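In case you want the letters, here they are:
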Amino acid sequence: MFKNYIKVSLRFLLKNRFFSIINIVGLAIGTLCCMYILLYVQDQYSYDHHHKDAKNIYRITTSTVLTGDSKNMATASPPIASAMKSDFPEVIQYTRIIRTLGIKEHLISYREKSFYEERAFMVDSTFFDVFNYHFVKGSPLNALTEVNSIILLKPVADKLFGVTDPIGKVITMDDADGKNNFRVTGVVDESAGRSQLSANMFIRINRNGYGGNMLTNNSWAGNNFAQSFVKLRAGASANALEKKLPAFLNKYGADQLKSSGMIKVLHLQPLSTIHTAPGYEAEEGKITSTSFLHILILIAILIQVIACINFMNLSTARASKRAKEVGVRKVIGAGKYDLITQFLGESFLLAFISVVIALPLLWLALPYLNQITQANIQLTLLSNPTLWLMLLALIFITGLVAGSYPAFYMSAFMAIKVIKGNFTNQVSVIGLRRSLVVFQFVVSIILITGIIIIYSQLNYVKNRDLGFNKDQQIILTFHTNETQKRMDALAIDLQQLSEVRSVSRTSNTFGANEYFDWEVYLPGTNPAEGIDQQNLYTDENFVKTMAVKIIGGRDLMKNDSGKVLINETLAKRLAINPAKALGTKLLAQDDRKYEIAGVVKDFNYKSLHDKLSAFMIIYAPKANEVNSLIINTNSKNYASFLNKVETVWRKNLPQTPFDYTFMNDRMQKAYESDIVLSQIINSFTIIAILISCLGLFGLAAFSAEQRNKEIGIRKVLGASVTGIVQLLSKDFFKLVIISFIIASPIAWWAMNKWLQAFVYRIPISWWMFAMSGLIALLIAVVTVSFQAIKAALANPVKSLKSE
């Protein structure tokens, strides 16, 4: 019986090749998108799951409130983790991970090879007791026993040593902390699984050497700079432990917290959730928000549903072609269950064929899809059982969703009626079919509106006046003490180039993720009520180079030791009138004293996602306080200009690799996730529209086929081609207009919610919806008109010859 079902189904599919191809192509494209998105989501949720006992590893995070400023930090004060192991028996091990603020890259050298490498982390000797990495060289048991141990990630080891065994080799690391020698004790790769840290090197913290000053820090209130992890014994409750932390923090840090006026709360965050939990300051590695992943899953579902709707619509529309088949089969004894099984079998067969077609297409499309998502998804069929489960689930769900309604609908035909030729499409079915077409276009219009609004917001971000000049700014970074000593000489030589407007030395640049920060307060006020501000060190050329506007006082001048510029926000919070700010004294922790030289207009030194914060520009151009040069150029020929800059660099630093970046590129990095979302929605919107058009194309063809004789009679009676095209098209255009009316408020709600993530955002305007509606209408016109014109131009003799 099953063989007969297959034969009948294949015979019908081959007989109706045009509509079968439309169904298969639509389902294949939808399956391709669905498979990739599911693989991407699985990949994002897999971070740090490979560690042994990962479910028992927790990160200590910190929430603080100080003078009204609240922060959620991914870090904790250094003493906390070790004290937790001593105080709580459920904590069986701890480790801390520290990347020194200001040290972005390190100059790594071995013999004649040297290059810059970033993402080096200082870790406790217990690091590999908590985390599991795959060692290709060395062993986790003794990798961190020596005080000057370093473990390299395999790409770094290959780059530095090639095929030579790196174990035991001594390498030199030169950075802002000076030159240090380390012995390579291990090489690891991420074949066991990826980690949120995305580290390139692990260095043991040496209490009497490299990073030792971090361990001697005994602050329980501030200095939350250590990523701290604890490993709990099996069966221990993290929630129960977290409830003990307020008393624990009070035991050790009550006096410090009281004197600083800080409210501090500790939390335990499961290791497996870190990669998908945004909202923490001082986070290491790239975060993917769960809301972003949920949007992708929703897009995948909608695209697959659109493909299933095509199948449902075309199957029910062509039900009249199979009515007599159903009637005859019922007369000879086929039951309703047999017919349902056959029709569902057809949909499962199409779903299977679509998956078979989608797999090689996905393999071909992977480079492009990985590029737009900035991922590295691999199609490993043999070693990925999850992928096989996904494929089986897709076949089953797609076949069931696409085929269930047509199967139940066609199996309910009355045998006598259809054999006598009394079959007609029911009004309810026609209404459902139109509703499904409306749904397809509602989704398409929402996605088109999303493209328009996201593009407009990103364009606004790109062109908004940030309060400083980010264009034609080139940043040179000096990562080592030796190179920083040559900054002044290099700056003087650069000033001799005709293309250089100005050069400024600075400890940081706008667009950076991290800044120094501490509280400042006015003399005579309570230090505990100080205002938290972020800052950078610079020289007298900074305001000129960055085109920051001074609204009170004066600019920094040479030898302005102790002088600062503050932004409007800090002036307001300190209740300082910009016009009277000159000469105002400020105090800070560790007996630091400053004098205000001027007030600058607020500028967006961080992402437009973030609100303006209190900021201070400190005059301190010494080599040990600044590590970057900002070059403001008037050159349009960057290649030629950079060659001149590199020549100056080689003259002053012949042994050091030339390292530069553009400031607008650095600012753009803050919007990477938004750009990725934009690229994804652009790509998948095109796919959703393509699938919708396939269905609309098929329905238009069927409609023209059904009204073939009517069209012939109308042409004989003098109807024009335009009139016939309008006749066949108007019903579809009405559906698009209804779709637009439904989609507009949904699109407004969704995009308004997305825009809330930006402090500075565009208003949503009526023209954005009008444009999306017109685009949808144009797509429908082009799709339907092709079949309508084809039918209108056909010879009426052929359609009427049988009458």
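Reading the values: the criteria
- Residues numbered from 1 in each chain as written.
- Predicted model: local features only at pLDDT ≥ 70, side-chain atom pairs only at ≥ 80, totals over all residues.
- Heavy atoms only, no water.
- Helix = DSSP H or I, 4+ residues; strand = E, 2+ residues; numbered from the N terminus.
- Contact = heavy atoms within 4.5 Å.
- Areas by Shrake-Rupley, 256 points an atom, 1.4 Å probe, with all protein chains shown as cover.
- Salt bridge = Lys/Arg side-chain N within 4 Å of Asp/Glu carboxyl O.
- Buried < 20%, exposed > 50% of the residue type's maximum accessible area, 1.4 Å probe, protein only.
- Expected span 1.5 Å × (residues − 1).
- Patch = residues over 30% accessible without salt bridge, like charges linked within 9 Å, V, L, I, M, F, W, Y side chains within 5 Å.
- Disulfide = S-S within 2.5 Å.
- Phe/Tyr/Trp six-rings, centres within 6.5 Å; stacked < 30°, edge-to-face > 60°.
- Axes fitted to C-alpha atoms, helices over the stretch in contact; angles between N-to-C directions.
- Parallel < 35°, antiparallel > 145°, perpendicular 65-115°, else oblique.
- Nonpolar A, V, L, I, M, F, W, Y, C, P; charged D, E, K, R; others polar.
- Polar contact = N/O pair within 3.5 Å; in protein donor to acceptor, adjacent residues only side chain to side chain.

### Looking at the overall build of the protein chain
Point 1. Helix and strand content of the protein chain: 24 helices and 24 strands.
Point 2. Considering only intrachain contacts with a sequence separation of at least 6, the fraction spanning at least 24 residues in the protein chain is 80%.
Point 3. A total of about 36,400 Å² of accessible surface is found on the protein chain, and carbon and sulfur atoms cover 58% of it.

### With respect to the pattern of salt bridges
Point 1. Across all of its chains, the model carries 16 salt bridges by this definition.
Point 2. Here Arg96 makes a salt bridge to Asp124, at a shortest N to O gap of 2.9 Å. In this pair, Arg96 is assigned in strand E3 (residues 91–98) and Asp124 in the loop between strand E6 (120–123) and helix H4 (127–130), connecting sequence segments 28 residues apart. Note on accessibility: Arg96 and Asp124 belong to one class, buried.

### Remarks on helix H18 (residues 638–652)
Point 1. In a regular helix each residue adds 1.5 Å, so 15 residues correspond to 21 Å; H18 covers 21 Å between its end C-alpha atoms and thus fits that length.
Point 2. Considering only its buried residues, H18 is in contact with strand E14 (473–477), helix H15 (487–495), strand E15 (500–506), strand E23 (628–633) and strand E24 (660–662).

### A few points about a nonpolar patch on the surface
Point 1. Taken together, the side chains of Ile357, Leu361, Trp363 and Leu364 make up a nonpolar region of the molecular surface, amounting to roughly 430 Å² of accessible area.
Point 2. Mapped onto the secondary structure, Ile357 falls in helix H10 (residues 336–373).
Point 3. The partly exposed category is assigned to Ile357, whose relative accessible area is 34%.

### Focus: the state of the cysteines
Point 1. For the coordinates displayed, the defined rule picks out 0 disulfides.
Point 2. Take Cys33: it sits in no disulfide, and the sulfur closest to it among the cysteines is that of Cys34, at 8.3 Å.
Point 3. Between Cys308, a cysteine without a disulfide, and Cys34, which holds the nearest cysteine sulfur, the sulfur-to-sulfur distance is 9.2 Å.

### Observations concerning the packing of aromatic side chains
Point 1. According to the stated counting rule, one finds 30 aromatic pairs in the structure shown.
Point 2. Centre to centre, the rings of Phe127 and Phe202 are 4.7 Å apart; their planes meet at 35°, and the pair counts as tilted. Pair noted here: Phe127 is in helix H4 and Phe202 is in strand E11 (residues 201–204), with a separation of 75 residues, a long-range link. Phe202 carries the same exposure label as Phe127, and that label is buried.
Point 3. Taking the centre distance of 5.4 Å and the plane angle of 65° together, the rings of Phe248 and Tyr252 count as edge-to-face. Here Phe248 pairs with Tyr252, and both are found in helix H7 (residues 238–260), just 4 residues apart, close to one helical turn.
Point 4. Taking relative accessible area as the criterion, Phe248 reaches 3% and is therefore assigned buried.
Point 5. What links up through ring pairs into an aromatic cluster is the set Phe127, Phe128, Phe131, Tyr133, Phe135, Phe202 and Phe229.

### A few points about helix H3 (residues 79–87)
Point 1. Residues of H3 that are buried include every one of Pro79, Ile80, Ala81, Ala83 and Met84, and no others.
Point 2. Its buried side turned inward, H3 meets strand E1 (57–66), E3, strand E12 (227–232), H7 and strand E13 (263–270).

### Remarks on the packing of H3 against H7
In a packed pair of helices, the relevant descriptors are the angle between the two axes and the axis-to-axis distance.
Point 1. At their nearest, the axes of H3 and H7 sit 11 Å apart, and the two run at 110° to each other. In terms of orientation, H3 lies roughly perpendicular with respect to H7. Residue-level inspection shows Ile80, Ala83, Met84 and Asp87 of H3 in contact with H7, the latter providing Leu241, Leu245, Phe248, Lys251 and Tyr252.
Point 2. Tallied by class, residues from the contact of H3 with H7 come to 7 nonpolar, no polar and 2 charged.

### A short note on the side chain of Thr31
Point 1. One can find Thr31 in helix H2 (residues 17–45).
Point 2. Residue Thr31 is classed as buried on the basis of its relative accessible area, which comes to 1%.
Point 3. Among the polar contacts made by the side chain of Thr31, one reaches the main-chain carbonyl oxygen of Leu27 at a distance of 2.6 Å.

Read these as spatial facts, not as claims about activity.
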